[in-house]
Amino acid sequence: MLKSMPWSSGPVACDPPADGPLKDGRLRSDSPRDRPETGPYERDVPVRTSQSTPFARIGRDPEESTAVTHPFLDLAPLTAAHFAAIEQRVARLLSTEQDVVITQGEALLPLEGCIRGAARPGTTALNVITGPYGQTFGNWLRDCGATVIDLAVPFHTAVTAAQIDEALTEHPEIDFVSLVHAEAATGNTNPVAEIGEVVRAHGALFMLDAVASVGAEPLLPDAWGVDLCVIGAQKAMGGPAGVSAVSVSERAWQRMAANPQAPRRSYLSLLDWKERWIDGGRKALLHAPAQLEMLALEACLERIEAEGLGALMTRHATAAAATRAGALALGGGLEPYVYEARDAAPVATTLRTPPGVDASEVVARALAADPVLPLVAGGGALSKEMIRVNHYGADATRGVVHSALAALGGALAESGLTVNLEAARRAVTDAWS
Ligand SMILES: Cc1ncc(COP(=O)(O)O)c(C=O)c1O
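Counting starts from 1 at the beginning of each chain's written sequence and moves along it residue by residue. Thresholds applied to this predicted model are a pLDDT of at least 70 for local features of residues and 80 or more for the giving and counting of side-chain atom pairs; totals over whole chains, interfaces and linings are not thresholded and use all residues. Hydrogens and waters are ignored; side-chain quantities use all the structure's heavy atoms.

Take the side chain of histidine 391 next. A run of H or I in DSSP becomes a helix once it reaches four residues, and a run of E becomes a strand once it reaches two; helices and strands are each numbered from the N terminus. By secondary structure assignment, the location of histidine 391 is in the loop between strand 17 (386–390) and helix 11 (398–414). Side-chain atoms alone can form a polar contact between residues adjacent in sequence; in general such a contact is a pair of N or O atoms within 3.5 Å, and within protein one must be able to donate a hydrogen while the other accepts it. Here the side chain of histidine 391 touches threonine 349 through a polar contact of 2.7 Å, side chain to side chain.

It is worth spelling out the sheet that holds strand 8 (residues 176–180) at this point. Should DSSP find at least two bridges between two strands, the strands are regarded as paired. Strand order in the open sheet formed by seven strands is 5-13-12-11-8-6-7, and the pairing between neighbours is mixed. Pairing within the sheet leaves two strands with one partner each, and these edge strands are strand 5 (99–103) and strand 7 (147–152). On average, each strand axis in the sheet is tilted by 15 degrees relative to the strand beside it, whichever way the strands run. One ladder, built from five bridges, connects strand 8 with strand 11 (residues 205–209); its direction is parallel. Looking at the pairing, serine 178 lines up with methionine 207 of strand 11. Whether two residues touch is decided by their heavy atoms; if any such pair falls within 4.5 Å, the residues are in contact. Between N-to-C directions, angles span 0 to 180 degrees; the directions come from axes that are lines fitted to C-alpha atoms, helices contributing only their stretch in contact. On top of the sheet, helix 3 (residues 132–143) reaches strand 6 (124–129), strand 7, strand 8 and strand 11; it is set at about 160 degrees to strand 6, its chief contact.

Turning our attention to the pattern of salt bridges. Should a side-chain nitrogen of Lys or Arg be within 4 Å of a carboxyl oxygen of Asp or Glu, the pair is scored as a salt bridge. According to the stated counting rule, one finds 16 salt bridges in the structure shown. For glutamate 305, the salt bridge goes to arginine 89, with nearest N and O atoms at 2.7 Å. With a gap of 216 residues between them, glutamate 305 in helix 8 (residues 291–307) and arginine 89 in helix 1 (residues 80–93) connect regions that are remote in the sequence. Working definition: with a 1.4 Å probe on protein chains only, accessible area under 20% of the residue-type maximum means buried, over 50% means exposed, and in between means partly exposed. Residue glutamate 305 is classed as partly exposed on the basis of its relative accessible area, which comes to 41%. Notably, a salt bridge pairs aspartate 150 with arginine 142, separated by 2.7 Å at the nearest N-O pair. Classification of aspartate 150 by relative accessible area gives partly exposed; the value is 35%.

This is how it looks when you write it as structure tokens:
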């Protein structure tokens, strides 16, 4: 059947697949977020339709085109100016004056790029381990020939500025510090403002993994003396996973430029972006950008600007506090995995199941009741004892927290445990009011 599609000027032969992302020209959404309690947070995002959008290729005559088209296809190339404008919006989100590079891959790309750019034989790195990513950084640092001093803390706590200060005092030769701000995988968050002061006083280069904190809690790389701040949009920002970004201080650029083994002419190279994109006046991109991901990043930045970064962070903090309070009220032996509320990350709340109750089974039962709930069991060895409730972007709402706890309560009750759904409901409502 021929029908005119919103992204073209005339009829073309195509019918979006029934289960495709579109319903009535709008992106389909069948998530718990559409439950009435989701309140103000609109989930349905209209597809841009006017000819002047990046979706449509100007002057294409649909009559000539026999190919089936789709909103994700046939995109006009992203211009350097458009790319630079999106970078500027990321810089505003981070309130940074430093250079920002949007890297064309998930956050592990700039994280590895930072470490391989800055570390070399002769580097002494303090690698803080508060979750799985700290372990990864240590491996990359050693691979670069650096001497690595690991500072590991139990995953149910956070590291303190005093612990880092002690390590730096003990090892004055340390010239690089790597830290994860918030760990979605373990649910803890670290006091970066205080830690930044200690690291700056010591003079080491400071790399921060802020993938799971950006959008969920305050993140001020300039004020905190962060030289390399890596973010991903797929968590609290509610954006795409296929692109990421890093802010780079002048000191960090100098450290990389002085590093003979820093990647160059390589997809891992941050220096290539510096020398050919930034110093080139942001006129020529290094390679074809990931259009869809870049447009999704732009859309999520637009949505954050519309809601307000402060409101977005408040919503995450409230969702985390409500989940923690609701879980305690629910009972059934469920308790917060991170002992102190101040150490609990707003991006995701981790819960410990009672002894003998397999967390992955509880999650499986809860998802059987409601497959779209943002519930996962802990990774690896934590899969038996940890349940994670993600509060990513549109999931940071009262409705989703209610639904998640109700499903967990039902699953725990199925294992013969006594739970109090009403008390959990009240605790969530109180936390939100
Ligand atoms: C703290 C942290 N760092 C890094 C990553 C890796 O991000 P990505 O999956 O985009 O590579 C994640 C992803 O979960 C994360 O939580």
